[in-house]
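Notes for the structure review
What follows is the residue order along each chain.
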Amino acid sequence: MGKLIGNERRKLYKKVSTWVLIGIVVVLNLFVLVVGKIMTDRNNGYRTSWLEGYINDMRHAERVVKDDPENLYNLNQAAMFQYMIDNKIPPSDWRTDVVSEYYNLLTLQMSGAELSQSTDGFDYQNSYNYWSGQQSSSLSITPKTPEALAARIQQLKTLLDGNDWREYLRQQIVYIEQTASDVAEQEKAVELELLNLYLDMGIQPVSQTMSYYLDDEGDERWKAKQVNIIRTGRLALLRGEAENPYGENTLMNKSQRAAKQLEVDAALERLRTDSAPVETTDFLGMMDQSTMGMSLLSLVLMVTAGGIIASEFTSGTVKLLLITPHRRSKIFWAKTTILLELTLIGTGALFATAFLVSGAMTGFAGIGSWQVLPLFGHTLHLPYFLYVLLKYIILILPVLVYGALALMLSAVTRKGAVAISVSLVLMYGGSMVMTILTQLAMQYGTIPGVKFLVFANTELGNYLPSVGGSIAMPALDGTMTLGFSLAVLAAYLFCFMWVARDSFCRRDIK
């Protein structure tokens, strides 16, 4: 067996095309990593700082007022930006919400607009940030009487003068408790719980009102983002709705509900253990993104596997193999072993080059960082580098399945071109078919039996947390899990290999 493997190794590694294919995959993967890093840094470089943005918007408002002195909105906008510049309030500062509300209400008061009557003088509702698409940590409190309007303006001014974010949160708690009945009691309970979480853990809230400005200040902002993950997750679980890849809200299936609950639990654990999430442009973030190159490795294995048996028949060398004292099954397993070896070499090349390039661009900063991840149905606390290694290992299975498919076609058809082309068409065509079936499943419900198709289970990355800890669960079938997909892929791998071995060992040689 050892001599057979050595012979297959010499034949495969002598081919320049083998190394060219691996080299192309590695270069493409590195290109994506490097360009992504450069573009992110460049976009941040092109964006003006929040201070410059404030100044530009203030000057614009002043120009409008110069042409139209009675434009109260722009008059107060200019005053608002001047106040934030003078007091050095960055966009993420909680005071941004207060300042914005203060000057908006001041405009309302100065305009003398007619206010409708209300029993308590206020109308309360959760505010929604148009720019970020996220629910703000603040409330939009709309006065309904002139007295309430004046009182609210004075209250906001007192908050700004005192610069006490804890008092700001306490006021929000009071307002939520007095909220009108149009807000669901369960959702009110979520908001109250999370506002108390801010206070109990000493987390200063982050504003989303002006998130379109570049703001690099505040290393602890990740904590407020985790609280927002908890908020949106719990509200989604209460409503039973999930946002699909097309931006539409659909009913949550079982897997999506479990994944969302895991995200909430992981965010709580990050706060408890003070574990900041990994960012995309960090060393570990770039390493995580490099796992996308595993899908390209499937092409290398399919091209190689598609010709490894068929080429023997095309060139006639199969007869030389069969006159040796080795059984056909040993010859087959020698070829299979060398394909597995090639897969491991390609995976190692992807990992090693991504490690070096990511390290060179980030200085290996945070290589030993621990992270809380929703994984395998549990919330785990482990080194993120170990998780990236685990992700590489898990993503090898779909590569092997595609390689086994090409190997089976190579043994059955005995024509390399047919085996390679058909396997490639099946891979990409299967992906397109699954996209269509997923859309149908989201509109009309689960399609029976589709989850057992091989192409429905090859995107294992959907089950694994990405940078930031979110999971994109497949919307095809709510009963699908990582364990289920691994089992289905293992079954297909066995079937493809059995058919390939049987065809190679039993069919006559002409």
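Read on for a plain summary of the structure. (Residues numbered from 1 in each chain as written. Predicted model: local features only at pLDDT ≥ 70, side-chain atom pairs only at ≥ 80, totals over all residues. Heavy atoms only, no water.)

Quick word on the overall build of the protein
Just so we agree on the cut-off: A run of DSSP states H or I qualifies as a helix once it reaches four residues; a run of E qualifies as a strand once it reaches two. Both are numbered from the N-terminal end. Burial classes: relative accessible area under 20% of the type maximum marks a residue as buried, over 50% as exposed, and values in between as partly exposed (1.4 Å probe, protein chains only). Throughout, a residue-residue contact means that at least one pair of heavy atoms, one from each residue, lies within 4.5 Å. Reported accessibility uses the Shrake-Rupley method at a 1.4 Å probe radius. Residues are deemed covered only where the shown protein chains occlude them.
For the protein, the helix and strand inventory stands at 19 helices and 6 strands. Of all 510 residues assigned to the protein, the portion counted as buried reaches 47%. Counting contacts in the protein only where the partners sit at least 6 residues apart, residues at least 24 apart contribute 76% of the total. Summed over its atoms, the accessible surface of the protein is roughly 25100 Å², and 59% of this surface lies on carbon and sulfur atoms.

Things to note about the pattern of salt bridges
Here is the rule: Whenever Lys or Arg places a side-chain nitrogen within 4 Å of a carboxyl oxygen from Asp or Glu, that contact is recorded as a salt bridge.
Counted under the stated rule, the structure contains 12 salt bridges. Of the charged contacts, one joins Glu-101 and Arg-152 as a salt bridge, the two residues approaching to 3.0 Å between their closest N and O atoms. Taken together, the positions of Glu-101 in helix H5 (residues 95–111) and Arg-152 in helix H6 (residues 146–162) put the pair 51 residues apart, joining distant regions of the chain. Neither residue differs from the other here; Glu-101 and Arg-152 are each classed as buried. Two residues, Lys-157 and Asp-161, come together in a salt bridge whose shortest N-O distance is 3.2 Å.

Examining the packing of aromatic side chains
Rules: Aromatic rings from Phe, Tyr and Trp, taking only the six-membered ring of Trp, are treated as a pair when their centres fall within 6.5 Å; an angle between ring planes under 30 degrees marks them as stacked, one over 60 as edge-to-face, and anything in between as tilted.
On inspection of all chains with the given rule, the structure shows 18 aromatic pairs. On the basis of an interplanar angle of 65° and a centroid distance of 5.2 Å, the ring pair of Trp-50 and Tyr-54 is categorised as edge-to-face. One end of the pair, Trp-50, and the other, Tyr-54, are both in helix H3 (residues 50–67), 4 residues apart, so they sit about a helical turn from each other. Classification of Trp-50 as buried rests on a relative accessible area of 11%.

Overview of the pairing of strand S5 (residues 370–375)
Quick reminder of the rule: Strand pairing is assigned whenever DSSP identifies at least 2 bridges connecting the two strands.
Within S5, 5 of the 6 residues are buried, which leaves it mostly tucked inside the rest of the structure. Strand direction decides the pairing type here: S5 and strand S6 (residues 378–383), joined by 6 bridges, are antiparallel. Along S6, the bridge assignment pairs Val-372 with His-381. Between the end of S5 and the start of S6, which pair antiparallel, lie 2 residues, with Phe-376 showing a positive phi angle near 55°.

Some words on the packing of helix H12 (residues 294–308) against helix H18 (residues 416–444)
Working note: a packed helix pair is described by the angle between its axes plus the distance between those axes. For clarity, the cut-off: Throughout, an axis means a line fitted to C-alpha atoms (over the contacting stretch in the case of helices), and angles, computed between N-to-C directions, take values from 0 to 180 degrees. Angle categories are assigned with fixed cut-offs, so that under 35 degrees is roughly parallel, over 145 is roughly antiparallel, 65 to 115 is roughly perpendicular, and the rest are oblique. What makes a crossing left-handed is the near helix being turned counterclockwise from the far one by less than a right angle; a clockwise turn instead makes it right-handed. Ten residue types, Ala, Val, Leu, Ile, Met, Phe, Trp, Tyr, Cys and Pro, are classed as nonpolar, four, Asp, Glu, Lys and Arg, as charged, and the remainder, Gly among them, as polar.
Two elements in contact, H12 and H18, have axes separated by 7 Å at closest approach and are oriented at 150°. Accordingly, the angle class assigned to the pair H12 and H18 is roughly antiparallel. The crossing of H12 and H18 is right-handed. Residues Ser-298, Leu-299, Met-302, Val-303, Gly-306 and Gly-307 of H12 form the contact with H18, whose own contacting residues are Gly-416, Ala-419, Ile-420, Ser-423, Leu-424, Met-427 and Tyr-428. A breakdown of the residues in the contact of H12 with H18 according to their chemical character gives 8 nonpolar, 5 polar and no charged.

Section: helix H9 (residues 221–239)
For clarity, the threshold we go by: Working rule for helices: expected span equals 1.5 Å times residues minus one.
In a regular helix each residue adds 1.5 Å, so 19 residues correspond to 27 Å; H9 covers 27 Å between its end C-alpha atoms and thus fits that length. With its phi angle positive at about 70°, Gly-240 sits one or two positions after the end of H9.

Observations regarding the nonpolar core
To keep things clear, this is the line we draw: Buried residues of nine kinds, namely Ala, Val, Leu, Ile, Met, Phe, Trp, Tyr and Cys, make up a nonpolar core once their side-chain atoms join them within 4.5 Å.
Met-294, Ile-309, Leu-407 and Leu-476 are the most contacted members of the largest nonpolar core, which has 74 residues in total. By residue number, the principal contributor to this core is helix H17 (residues 396–413), which donates 12 residues. Contact partners of Ile-309, with chain neighbours within four places excluded, come to Phe-332, Lys-335, Leu-407, Ser-410, Ala-411 and Phe-504. With 45 residues, the next largest nonpolar core counts Met-84, Val-99, Leu-156 and Trp-222 among its residues.

Observations regarding the side chain of Ser-329
By the element assignment, Ser-329 lies in helix H15 (residues 328–362). Here Ser-329 is in contact with Arg-501 and Cys-505, once residues within four sequence places are set aside.

Comments concerning the packing of H17 against helix H19 (residues 482–506)
As a packed pair, H17 and H19 sit with axes 8 Å apart at the nearest point and diverge in direction by 25°. One element, H17, and the other, H19, form an angle in the roughly parallel class. When you trace H17 past H19, the crossing you get is left-handed. Of the residues in H19, those touching H17 at Leu-397, Pro-398, Leu-400, Val-401, Ala-404, Leu-405, Leu-407, Met-408, Ala-411 and Val-412 are Leu-486, Leu-489, Ala-490, Leu-493, Phe-496, Met-497, Val-499, Ala-500 and Ser-503. In the contact of H17 with H19, the residues fall into 18 nonpolar, 1 polar and no charged.

A look at unusual backbone geometry
For Lys-88, which is not glycine, the phi torsion reads 50° and is therefore positive. Within the secondary structure layout, Lys-88 lies in the loop between helix H4 (72–86) and H5. The class for Lys-88 is exposed, based on a relative accessible area of 61%. Unlike most non-glycine residues, Asn-163 shows phi in positive territory, near 50°. Given a relative accessible area of 42%, Asn-163 falls into the partly exposed group.

Details of the environment of Gly-233
For Gly-233, the location among the structural elements is in helix H9. The spatial distance from the C-alpha of Gly-233 to the C-alpha of Asp-265 is 9.7 Å, given a sequence separation of 32 residues. The residues touching Gly-233, leaving out its near neighbours within four places in the chain, are Lys-260 and Val-264.

Some remarks on the environment of Phe-496
Along the polypeptide, Phe-496 turns up in helix H19. In this structure Phe-496 comes out as buried when scored by relative accessible area, which is 11%. Each C-alpha atom of the pair Phe-496 and Ala-404 lies 5.7 Å from the other, and the pair is 92 residues apart in sequence. Residues contacting Phe-496, with those up to four places away along its chain left out, are Val-401, Ala-404, Leu-405 and Met-408.

Concerning a nonpolar patch on the surface
Under the convention used in this document: Residues qualify for a patch when their relative accessible area is over 30% and they have no salt bridge, like charges being joined within 9 Å and the nonpolar side chains of Val, Leu, Ile, Met, Phe, Trp and Tyr within 5 Å.
Judged by side-chain polarity, Phe-31, Val-32, Val-35, Met-39 and Met-292 come together as a nonpolar surface patch covering roughly 470 Å² of accessible area. On the secondary structure map, Phe-31 appears in helix H2 (residues 16–46). Phe-31 gets classed as exposed once you look at its relative accessible area, which sits at 53%.

Observations concerning the environment of Trp-94
Mapped onto the elements, Trp-94 comes out in the loop between H4 and H5. The exposure class of Trp-94 is buried, given its relative accessible area of 2%. In this structure, Trp-94 is in contact with Leu-159, Asn-163, Asp-164, Trp-165, Tyr-168, Gln-204, Pro-205 and Ser-207, ignoring residues within four places of it in sequence.

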